[in-house]
Amino acid sequence: MRVLVTGAAGYIGYAVARRLAAAGHEVDGLVRRDAGVPDGVRPVHGDLLAPDTLPRGRYDGVCHLAALARVRESFGAPLRYFAANVQGTVNLLEAVDTDRVVFGSTAAVYGATGRRPIPESAETAPASPYGASKLAAEQAVRFHARTGAIGAVVLRTFNVAGSVDGRADPDETRLIPKALAVAAGRAPHLEINGDGLAVREFLHVDDLAAAYVRALEAVRPGEDRVYNTGTGTGTAVRDVIAAVEKATGRPVPVRRRPARPEAPVLVCDAAAIRADLGWRPERSTLPEIIAASWNALTREDG
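Computed from a predicted structure; not experimentally measured. (Residues numbered from 1 in each chain as written. Predicted model: local features only at pLDDT ≥ 70, side-chain atom pairs only at ≥ 80, totals over all residues. Heavy atoms only, no water.)

**Student:** I would appreciate a short explanation of the packing of helix α3 (residues 78-95) against helix α4 (residues 129-145) in the present structure.
**Tutor:** To characterise two packed helices, one gives the angle between the axes of the helices and the distance between these axes. The interhelical angle for the contact between α3 and α4, taken along N-to-C directions, is 15 degrees, at an axis separation of 9 Å. One way to sum up the angle between α3 and α4 is to call them roughly parallel. Note on packing geometry: the crossing formed by α3 with α4 is right-handed. Two secondary-structure elements touch here, α3 through Pro78, Tyr81, Phe82, Asn85, Val86, Thr89, Val90 and Leu93 and α4 through Pro129, Tyr130, Ala132, Ser133, Lys134, Ala136, Ala137, Ala140, Val141 and His144. (Axes fitted to C-alpha atoms, helices over the stretch in contact; angles between N-to-C directions. Helix = DSSP H or I, 4+ residues; strand = E, 2+ residues; numbered from the N terminus. Parallel < 35°, antiparallel > 145°, perpendicular 65-115°, else oblique. Left-handed = near helix turned anticlockwise from the far one by under 90°. Contact = heavy atoms within 4.5 Å.)

**Student:** Any chance you could explain the sheet that holds strand β14 (residues 235-236) here in plain terms?
**Tutor:** Taking strand neighbours across the sheet as the criterion, the 3 strands line up as β14-β11-β16 in an open arrangement whose pairing is mixed. Looking at which strands have only one partner, the edges of the open sheet turn out to be β14 and β16 (265-266). In this structure, strand β11 (residues 199-200) lies alongside β14, joined through 2 bridges in antiparallel fashion. Looking at the pairing, Val199 lines up with Ala236 of β14. (Pairing = 2+ DSSP bridges.)

**Student:** Any chance you could explain the pairing of strand β4 (residues 61-64) here in plain terms?
**Tutor:** In regular strands, side chains alternate between the two faces of the sheet. The alternating pattern of β4 places Gly61 and Cys63 and Val62 and His64 on opposite faces, both of which are buried. The sheet contact formed by β4 and strand β5 (residues 100-106) spans 3 bridges and is parallel. Residue pairing in the sheet places Val62 in a bridge with Val101 of β5. (Buried < 20%, exposed > 50% of the residue type's maximum accessible area, 1.4 Å probe, protein only.)

**Student:** Looking at this model, I keep getting lost on the sheet that holds strand β3 (residues 41-45). Mind explaining?
**Tutor:** Strand pairing within a sheet occurs via backbone hydrogen bonds; the two strands may be parallel or antiparallel. Pairing is parallel in the open sheet, where 7 strands are placed in the order β3-β2-β1-β4-β5-β6-β13. A single partner strand is all that each edge strand has here, and the edge strands are β3 and β13 (224-229). When the angles between neighbouring strand axes are averaged without regard to direction, this sheet yields 20 degrees. Bridge analysis of strand β2 (residues 26-31) against β3 gives 5 bridges, and the strand direction is parallel. Within β3, the residue paired with Val27 across the bridge is Val41.

**Student:** Explain helix α7 (residues 237-248) to me, please; I cannot follow it from the model alone.
**Tutor:** One turn of the α-helix equals 3.6 residues, which is why residues spaced by three or four share an orientation. End to end, α7 covers 17 Å across 12 residues, agreeing with the expected 16 Å (1.5 Å per residue, within 8%). Considered for burial, the residues of α7 that qualify are Val237, Val240, Ile241, Val244 and Thr248. On an axial view of α7, the arc spanned by its buried residues comes to 100 degrees, and they lie on one face. Remark: Gly249 follows α7 within two positions and exhibits a positive phi of approximately 70 degrees. (Expected span 1.5 Å × (residues − 1). Arc of directions from axis to C-beta.)

**Student:** Would you mind going over the layout of surface pockets with me for this structure?
**Tutor:** Rolled over the atoms, a probe with the dimensions of a water molecule shows which regions are left empty. Looking at the second largest pocket, its volume works out to about 200 Å³. Every residue lining the second largest pocket is counted, 13 residues in all, and those nearest its centre are Ala168, Asp169, Pro170, Leu297 and Glu300. Listing elements by their share of the lining of the second largest pocket, those giving two or more residues are α5 (175-183) and α9 (286-301). No other element matches α9, which puts 4 residues into the lining of the second largest pocket. When its residues are assigned to classes, the lining of the second largest pocket shows 7 nonpolar, 2 polar and 4 charged. (1 Å grid on protein atoms, 1.4 Å probe; cavity = no way out; pocket = protein on both sides within 12 Å on 5 of 7 lines; lining within 4 Å. Points joined across faces, edges and corners; volume = space filled by probe spheres on them. Nonpolar A, V, L, I, M, F, W, Y, C, P; charged D, E, K, R; others polar.)

**Student:** Could you clarify how one ought to interpret the pattern of salt bridges in this entry?
**Tutor:** Pairing between side chains of opposite charge can happen when the charged atoms of each approach one another. Applying the stated rule across the entire model yields 20 salt bridges. The partner of Arg18 in a salt bridge is Asp165, and the shortest N-O contact between them spans 3.2 Å. Here Arg18 is found in helix α1 (residues 11-22), whereas its partner Asp165 is found in the loop between β8 (163-164) and β9 (167-168), with 147 residues between them in sequence. The class for Arg18 is partly exposed, based on a relative accessible area of 26%. On the basis of relative accessibility, which here comes to 48%, the residue Asp165 falls in the partly exposed class. When salt bridges that share partners are traced, they join Arg18, Arg19, Asp165, Asp206, Arg283 and Glu288 into one network. (Salt bridge = Lys/Arg side-chain N within 4 Å of Asp/Glu carboxyl O.)

**Student:** Is there a simple way to think about the nonpolar core in this case?
**Tutor:** Considering soluble globular proteins, one finds that nonpolar side chains tend to be buried as a cluster. Of all hydrophobic cores here, the largest spans 44 residues; its most connected members are Val5, Leu20, Cys63, Val102, Leu155, Tyr212 and Ile273. Among the secondary structure elements, those contributing two or more residues to this core are β1 (2-6), α1, β2, β6 (151-157), α6 (205-218) and α8 (271-277). Considering each element in turn, this core owes the most residues, 9 residues, to α6. Ignoring sequence-local partners within four residues, the contact set of Val102 consists of Val62, Cys63, His64, Val153, Leu155, Tyr212, Ala215 and Leu216. Counting residues in hydrophobic clusters, the runner-up holds 21 residues, among them Ala179, Ile192, Val240 and Ile241. (Core = buried A, V, L, I, M, F, W, Y, C linked by side-chain atoms within 4.5 Å.)

**Student:** For this particular structure, what's the right way to read the packing of α5 against α7?
**Tutor:** Running from amino to carboxyl end, α5 crosses α7 at an angle of 40 degrees, the nearest separation of the two axes being 10 Å. One way to sum up the angle between α5 and α7 is to call them oblique. Crossing hand, α5 versus α7: right-handed. Contacts between α5 and α7 involve Leu175, Ile176, Ala179, Leu180 and Ala183 from the first element and Val237, Val240, Val244 and Thr248 from the second. Of the residues assigned to the contact of α5 with α7, the class counts are 8 nonpolar, 1 polar and no charged.

Structure below.
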């Protein structure tokens, strides 16, 4: 297939474009400025908020990864988040000629659900502008699919980590990148909320990319599917820190902040994507995720 990947120079978009190219697809990577895309991927310049710049050729499918994605930042810039994540998605759907779309969404659409693990049927009640903007974009994609114009798969992801091609997650607001940055001496300490017993799950970025390939190859026009992508296995924050210390052989000093109201456990029920698409994580053990990220970080520093 001829496929367009938005955000192909970003952390997840790069991994998805790389996987699609490796699977034999012809891949264009939408980027706003000159930036690295995987080997075998053709960069295409465009801006989702400037519809006239978007590619007009026919694509067999689109994987939409370009977005603003920082929860805390979104509280200070909600309109910016809705413009980028919602209007950008609408512009893409209107401008690009395709009948298959895989949309990258987030567990932040669920909000503070008490269900463990969280299935796709859980109530959506986002607690941040980021989560609300992604849910609104999901709805735009799904209602468009119900007209028969496209087939759509929404992939809701929890926490992504790991590295491909020496590219680790650059966002040090997230737990594993920040803990590794502290181990590398880039930051003096890691701040955590409360006692570190909150449980979160982590998915290797390459496993997530494999889910996009399967979803794109499976979806048909008129279909509307939503899948959680994750391992369903969680790890306490303090145990993640201990795993980073073990993998790196370096200490990760911790500064504790007061506990915040937050879900004590956030893990997903990914039974649906396993049953429908045969997808299963293959690289998402915590030691492999941390080792891949640490190797990428130390190569970068070296």
